[in-house]
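Per-entry structural report
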Amino acid sequence: MSFDHAEEGFNRLSDMEGFEVAGSDKVFYPAKAEVFNNLQIKVTCDKVAQPVAVRYCFRDFQPGNVANLRELPLYPFRTDNWE
């Protein structure tokens, strides 16, 4: 995934919290996220072989810890439009 307004990078390179990933079965699992190519975040999960959707801090109780280098937080988002 690539992001606008993070031209200088992110506040962490690993140990990112708050990401989930799902396959075509639409079941989300906690995911590991890390910086990839300096301006992208790579999201993976052993339980999802072919990811089709990613969410960040989508649940009310899910904290996140990702921001750009100016400490502007990554806003909660989802790439799916499932109900």
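Right above here is the structure, for reference.
Residues numbered from 1 in each chain as written. Predicted model: local features only at pLDDT ≥ 70, side-chain atom pairs only at ≥ 80, totals over all residues. Heavy atoms only, no water.

1. Some remarks on the sheet that holds strand E1 (residues 19–22)
The line we're drawing: Two strands make a pair as long as DSSP finds a minimum of two bridges between them. A run of DSSP states H or I qualifies as a helix once it reaches four residues; a run of E qualifies as a strand once it reaches two. Both are numbered from the N-terminal end.
Overall, antiparallel pairing links the four strands, which are arranged E2-E1-E5-E6 in an open sheet. Across the chains shown, the open sheet's two edge strands, defined by having one partner strand only, are strand E2 (28–30) and strand E6 (77–78). Here E1 runs beside strand E5 (residues 53–56); their pairing, made up of four bridges, is antiparallel. Note that in E5 the partner of Glu 20 across the bridge is Arg 55.

2. What to know about the environment of Glu 7
Relative to the elements of secondary structure, Glu 7 occurs in the segment before E1. Taking the C-alpha atoms as reference, Glu 7 lies 6.6 Å from Leu 39; in sequence the two are 32 residues apart.

3. Here's the deal with the side chain of Asn 68
Inclusion rule: Any residue under 20% of the maximum accessible area for its type is buried, any over 50% is exposed, and the rest in between are partly exposed; the area is computed with a 1.4 Å probe on protein chains only. Distance and chemistry together define a polar contact, namely a pair of N or O atoms within 3.5 Å, with one atom able to donate a hydrogen and the other to accept it when in protein, and with adjacent residues in sequence counting only for side-chain atoms on both sides. A contact between two residues is defined here by any heavy atoms of the two lying within 4.5 Å.
Relative to the assigned elements, Asn 68 resides in the loop between E5 and E6. The buried category is assigned to Asn 68, whose relative accessible area is 9%. A distance of 2.9 Å separates a polar side-chain atom of Asn 68 from the backbone nitrogen of Arg 70. What Asn 68 contacts, discounting residues up to four positions off in sequence, is His 5, Ala 6, Gly 9, Phe 10 and Asn 11.

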